[in-house]
Amino acid sequence: MHPIIFFSKMDFSQSNLFGYIEDLQELTIIERPVRRSLKTPEEIERLTVDEELSDIERAVYLLSSGQDIQGTSVVANLPALMRQNPAETLRRVLPKIREVLHVAGVEMQLTAAVSFLTVLQEESVSIHTYSHSFLHIILQNLEHRDAGVSNAWLETLLAVIEALPKETIRHEILNPLVSKAQLSQTLQSRLVSCKIMGKLANKFEAHIIKREILPLVKSLCQDVEYEVRTCMCRQLEHIAKGVGTELTKTVVLPELVELARDEGSSVRLAAFETLVNLLDMFDADDRSQTVLPLVKSFCEKSFKADESILVSLSFHLGKLCNGLYGIFTPEQHLRFLDFYKKLSTLGLQQENGHNDNQLQLQTLEQEKKYISVRKNCAYNFPAMIVFVDPKNFHLELYSIFFCLCHDPEVPVRYTMAISFYEVAKLLNSGVYTIHKELVTLLQDESLEVLDALVGHLPEILELMTNGGENSGSESKLLSIPDLIPALTTAEQRAATSLKWRTHEKLLQKYACLPHIIPSDQIYYRFLHRMLTIILTNNVLPVQKAAARTLCVYLRYNRKQEQRHEVIQKLIEQLGQGKSYWNRLRFLDTCEFIMELFSKSFFCKYFFLPVLELTHDPVANVRMKLCYLLPKVKSTLKIPTDKHLLQQLELCIRKLLCQEKDKDVLTIVKRTVLELDRMEISVDAFQKRFYENDLLDQEKERQEHLLLEMEQLEKEKQQNEGRSTNINDKMFEKKRRDSKTSSVLAKSITLSVPGSSSSTSAGKEDKKSKLVRSQSFSTQALHPKYSNIDKCPNKSSATGYTSSVSGMGKSCMLSFSDDSFRAHSTGNSGNVAFPSSCSSRNLFNSADQKNNGNKESQSRKMSMCLWLLYGCFRVKGGLWLPVIARTSFWSHFIYLLSQRSERPQQQEKEHKMFGNRGPLHRTVSAHHSYFFPSPYKV
């Protein structure tokens with residue numbers, strides 16, 4: 001059916017106009033109360049005060065003839081008057097306040113109680129002056145007819161008692177207290193006396209308390225009003241701590257036992273809580289003979305006759321079980337454990353014989369009570385783990401832990417999320433057993449539960465992956481697959497909610513993931529998500545949290561290609577983005593990069609993109625850049641970054657000359673002065689910047705280590721791919737060697753382990769770096785990495801160095817000469833070649849000094865002849881050319897071509913050093929490089 005549309009014209013007839021007028025009159029009637037609420041001129045006149053009056057005179061005038069609201073403002077301003085002029089305030093203002101308080105209303109009374117307490121806390125006057133001027137006013141208003149006012153003045157008095165001397169307390173408070181605590185006084189007076197006596201117990205010695213306070217305590221414990229008995233029972237804890245262990249056992253404990261059997265439920269509850277709090281003061285006999293029977297009776301009655309104590313019992317059960325642990329028999333231990341299990345599921349199933357109809361008739365108060373009981377059980381769960389021993393957790397408590405984590409009520413799950421970290425610490429090596437519950441709480445539908453869990457999320461995840469010495473690697477590996485989806489789901493749910501503080505907190509805690517999750521997983525599952533949040537989220541704290549976490553992920557990324565990709569996206573999408581908001585976030589990200597990375601890293605990738613924003617069309621971007629320029633300049637090192645310093649100075653000159661915005665220009669001028677006062681660090685260490693330079697050096701070392709580990713992992717993958725080819729070649733080589741074994745057995749070979757030892761050493765070095773690479777992702781900033789040395793990759797510029805290193809890779813030199821064999825027995829037939837680094841240093845020193853004497857020339861020729869003799873030798877008609885590489889011949893020709901170019905310097909050196917000059921040492925080093933030690937001259 002089509003809707004029916006009515007077309008009507010506006011009717012301006014008289015009847016309709018009258019209808020409109022009536023509506024307008026109704027609106028005027030609604031506005032009348034607003035007009036009546038305004039002050040009349042007479043009222044304004046009465047509220048007006050002469051502006052020429054001083055603060056003290058104005059306060060006296062308002063307290064004398066002003067209205068109540070003006071007097072209340074004067075009382076609220078009393079601490080300020082005491083700070084300005086304490087003498088005049090005490091002389092003129094305080095007496096007026098005392099007069100006004102007799103007839104003042106509740107609001108002024110409450111304000112006066114707070115103001116008097118503030119004066120005491122600020123110590124505007126001495127304690128003697130305070131007790132003389134303010135104490136009497138406080139004591140006069142303690143028995144105010146309004147309970148709220150009386151409690152406010154009582155709180156002020158209890159705070160004053162802490163600061164008063166003993167004599168003042170004895171005369172002004174304790175002596176009047178004896179009469180105020182009598183049964184003939186009012187209920188309010190006796191309640192106040194109970195609380196004051198609990199406070200006085202810590203101010204006097206035990207014998208004074210026994211003589212003057214304990215008789216009043218006994219009297220109030222037997223008061224006819226249950227409110228007084230309850231109040232006095234709660235103060236027995238303070239009195240017991242004041243009188244000591246002996247009097248507690250003889251005086252306080254009997255009173256507690258009697259109050260525990262009181263007819264009033266609130267009195268019994270107070271007695272039970274006081275007993276639990278005083279467990280440490282009772283010996284084993286008192287616990288087993290007095291306290292334990294009382295606790296058992298409380299537990300038995302809690303389900304049957306006295307459900308009022310159920311909530312308190314569930315709250316103190318953990319402390320109670322651990323306090324009585326030493327006196328429990330095995331049967332009692334199981335009994336209390338079963339009682340805890342029963343409380344943990346209270347309200348979730350049929351209890352105490354209730355049928356379905358009775359469960360349906362449960363009141364809302366009972367449901368709230370049961371929720372509170374289960375919440376208290378969740379609060380006490382870590383204590384119950386200690387009670388049953390963590391080793392028995394899976395057998396005794398895991399089912400309860402599962403139920404509490406899956407409880408239908410949010411407060412219960414919230415409490416479990418808060419205590420989850422404590423549970424994980426207690427389980428230690430068995431922490432892997434609660435991994436599923438961690439995933440459940442991360443995926444909880446309530447963000448309150450997630451917020452409670454996130455507080456200790458880094459510590460929990462670290463325990464999950466590295467928990468305990470006995471936890472096997474299998475449990476750690478199993479925890480990763482379902483943990484990552486749970487973390488991503490939690491972040492997405494927090495992002496779609498309106499609780500941005502929870503989202504910000506979550507992103508800040510996710511910065512711990514590089515220590516727990518592999519780098520590739522972070523790159524594909526989390527890093528791009530952080531970049532998306534920076535680009536799309538509208539909440540500034542969330543964007544900054546995502547930016548910092550992204551920088552942490554970039555800091556520990558293990559692949560250079562991925563790092564370059566992220567850096568390129570940051571520059572293109574943020575630094576060169578169309579939205580000025582993205583460009584502002586780019587500057588925030590650069591600030592985090594300067595904090596987390598080394599100076600050289602920032603200068604290499606982000607220095608110039610930051611300076612490009614000096615030409616930004618938006619003034620806010622240029623302004624933020626000016627604030628950042630001092631930090632940017634602090635990343636430079638002279639003379640390495642001299643060209644970047646010139647670029648920075650050029651940009652500042654352009655800003656000074658071309659800036660048109662007044663606010664930006666003001667900040668630029670201020671920044672220029674700050675930059676002029678800054679000192680740029682140099683490449684060498686300075687005392688002033690020593691700590692910062694050490695930190696930056698450590699960051700740079702770790703960045704280089706990441707590059708080395710990436711290279712080693714690539715080589716490892718390539719070696720694994722070639723392993724099958726190498727095995728085939730080794731089999732073929734063995735087959736060929738078996739054919740010539742008869743020939744080779746007749747010759748004596750001299751093995752040269754220089755190359756093999758160097759390669760084996762290289763393999764060991766690679767293995768050690770791979771071990772470090774596996775642990776670096778989890779402990780990248782650990783102090784143990786502060787001693788890791790960088791491995792410089794410096795290539796020599798000389799041509800013969802590479803040839804010598806190439807020669808070091810040869811396999812075998814064969815010699816059959818008997819004389820040579822005789823000389824080489826001292827080294828067991830092995831010639832030890834030095835490493836490539838040492839050979840580079842030797843030959844470089846030979847190139848730089850390039851001098852010697854005639855004996856060195858003849859020594860070179862003899863060495864070359866021995867080389868020819870060792871390299872080519874006919875044995876039984878078989879040539880054995882071992883070294884047949886061009887690198888060897890290039891080095892051989894180099895040795896022949898060495899000639900003296902400075903004869904005068906040679907003669908001078910010969911006179912000074914004899915045959916131990918630099919050139920002689922160099923040639924000797926060359927000689928020992930190719931021949932055993934007996935051939936050294």
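Report on the accompanying structure. (Residues numbered from 1 in each chain as written. Predicted model: local features only at pLDDT ≥ 70, side-chain atom pairs only at ≥ 80, totals over all residues. Heavy atoms only, no water.)

**Here's the deal with the overall build of the protein chain**
Right, on to step 1. Broken down by element type, the protein chain carries 49 helices and six strands.
Right, on to step 2. Looking at the 937 residues of the protein chain, the share that counts as buried comes to 44%.
Right, on to step 3. For the protein chain, long-range pairs separated by at least 24 residues make up 73% of all intrachain contacts whose partners lie at least 6 apart in sequence.
Right, on to step 4. Counting every atom, the protein chain has about 51600 Å² of accessible surface; 54% of that belongs to carbon and sulfur. (Helix = DSSP H or I, 4+ residues; strand = E, 2+ residues; numbered from the N terminus. Buried < 20%, exposed > 50% of the residue type's maximum accessible area, 1.4 Å probe, protein only. Contact = heavy atoms within 4.5 Å. Areas by Shrake-Rupley, 256 points an atom, 1.4 Å probe, with all protein chains shown as cover.)

**As for the environment of Asn 582**
Right, on to step 1. Along the polypeptide, Asn 582 turns up in helix α34 (residues 580-596).
Right, on to step 2. Residue contacts for Asn 582: discarding those within four places in its chain leaves Ile 534, Leu 535, Gln 573 and Leu 574.

**Observations regarding unusual backbone geometry**
Phi is mostly negative for residues that are not glycine, and the peptide bonds are mostly trans.
Right, on to step 1. For the peptide bond that leads from Ile 638 to Pro 639, omega is 5°, which places it in the cis range.
Right, on to step 2. Mapping Pro 639 onto the fold places it in the loop between β1 (637-638) and α38 (642-658).
Right, on to step 3. The phi dihedral of Asn 428 is positive, around 55°, even though this residue is not glycine.

**Section: the nonpolar core**
Right, on to step 1. Among the nonpolar cores identified, the biggest contains 220 residues, and Ile 196, Leu 200, Phe 381, Ile 434, Tyr 510, Leu 513 and Phe 606 are the most heavily contacted of them.
Right, on to step 2. In terms of residue count, helix α32 (residues 540-555) provides more of this core than any other element does, nine residues in total. (Core = buried A, V, L, I, M, F, W, Y, C linked by side-chain atoms within 4.5 Å.)

**A few points about the packing of helix α15 (residues 245-260) against helix α17 (residues 284-304)**
Right, on to step 1. Between α15 and α17, the least distance of the axes is 11 Å, while the angle of their chain directions is 15°. Relative to α17, the element α15 lies roughly parallel. Helix-helix and strand crossings are classified by hand; for α15 and α17 the assignment is left-handed. Between α15, through Lys 249, Leu 253, Val 257 and Ala 260, and α17, the contact on the second element is made entirely by Asp 286, Thr 290, Leu 294 and Phe 298.
Right, on to step 2. In terms of residue class, the contact of α15 with α17 is built from five nonpolar, one polar and two charged. (Axes fitted to C-alpha atoms, helices over the stretch in contact; angles between N-to-C directions. Parallel < 35°, antiparallel > 145°, perpendicular 65-115°, else oblique. Left-handed = near helix turned anticlockwise from the far one by under 90°. Nonpolar A, V, L, I, M, F, W, Y, C, P; charged D, E, K, R; others polar.)

**A short note on α17**
Right, on to step 1. The first and last C-alpha atoms of α17 sit 29 Å apart over 21 residues, in line with the 30 Å expected at 1.5 Å per residue.
Right, on to step 2. Along its length, α17 reaches its greatest deviation from straightness, about 40°, at Val 291, and the proline Pro 293 lies no more than four positions downstream.
Right, on to step 3. The set of residues buried in α17 consists of Asp 286, Val 291, Leu 292, Leu 294, Val 295, Phe 298, Cys 299, Ser 302 and Phe 303.
Right, on to step 4. The elements touched by buried residues of α17 are α15, α16 (265-277), α18 (310-323) and α19 (330-344). (Expected span 1.5 Å × (residues − 1). Bend = angle between axes of the 7 residues up to and from the residue.)

**Remarks on the packing of aromatic side chains**
Right, on to step 1. Under the criterion given, the structure shown has 22 aromatic pairs.
Right, on to step 2. When the centroid spacing of 6.2 Å and the interplanar angle of 90° are considered together, the rings of Phe 381 and Phe 393 count as edge-to-face. On the criterion of sequence distance, the pair formed by Phe 381 in helix α22 (residues 381-388) and Phe 393 in helix α23 (residues 393-396) is long-range, its members being 12 residues apart. There is no split in this pair, since Phe 381 and Phe 393 are both buried.
Right, on to step 3. Consider the rings of Phe 602 and Phe 607, whose centres lie 6.4 Å apart with planes at 80°: the pair is edge-to-face.
Right, on to step 4. Here Phe 602 falls in the buried class, since its relative accessible area comes to 0%.
Right, on to step 5. Accessibility expressed as a relative area gives 0% for Phe 607, which makes it buried.
Right, on to step 6. Three or more aromatic residues link up through ring pairs in this structure, and these residues are Phe 586, Phe 597, Phe 601, Phe 602, Tyr 605, Phe 606 and Phe 607.
Right, on to step 7. Positioned above the aromatic ring of Trp 581 is the side chain of Arg 585, whose terminal nitrogen or guanidinium carbon lies 4.5 Å from the ring centre. (Phe/Tyr/Trp six-rings, centres within 6.5 Å; stacked < 30°, edge-to-face > 60°. Lys NZ or Arg CZ within 6 Å of the ring centre and 35° of its normal.)

**Details of the pattern of salt bridges**
Right, on to step 1. Tallied over the entire structure, the rule returns 29 salt bridges.
Right, on to step 2. Among the salt bridges present, the one from Glu 143 reaches Lys 180, with a minimum N-O distance of 3.0 Å. Separated by 37 residues along the polypeptide, Glu 143 in the loop between α9 (135-140) and α10 (147-163) and Lys 180 in helix α11 (residues 166-180) bring together distant segments of the chain.
Right, on to step 3. Taking the relative accessible area as the measure of exposure, Glu 143 reaches 40% and is therefore partly exposed.
Right, on to step 4. For Arg 335, the salt bridge identified is with Glu 300, shortest N-O distance 2.9 Å. Taken as a pair, Arg 335 in helix α19 and Glu 300 in helix α17 lie far apart in primary sequence, 35 residues in all.
Right, on to step 5. Residue classification places Arg 335 among the partly exposed residues on the basis of a relative accessible area of 44%.
Right, on to step 6. Judged by its relative accessible area of 41%, Glu 300 is partly exposed.
Right, on to step 7. Salt bridges sharing partners connect three or more residues here, namely Arg 170, Arg 211 and Glu 212. (Salt bridge = Lys/Arg side-chain N within 4 Å of Asp/Glu carboxyl O.)

**Things to note about the environment of Lys 699**
Right, on to step 1. With respect to the secondary-structure elements, Lys 699 resides in helix α40 (residues 690-739).
Right, on to step 2. With a relative accessible area of 14%, Lys 699 lands in the buried category.
Right, on to step 3. Sequence-wise, Lys 699 and Leu 596 are 103 residues apart; in three dimensions their C-alpha atoms are separated by 8.0 Å.
Right, on to step 4. Here the side chain of Lys 699 touches Glu 595 through a polar contact of 2.6 Å, landing on its backbone oxygen. (Polar contact = N/O pair within 3.5 Å; in protein donor to acceptor, adjacent residues only side chain to side chain.)

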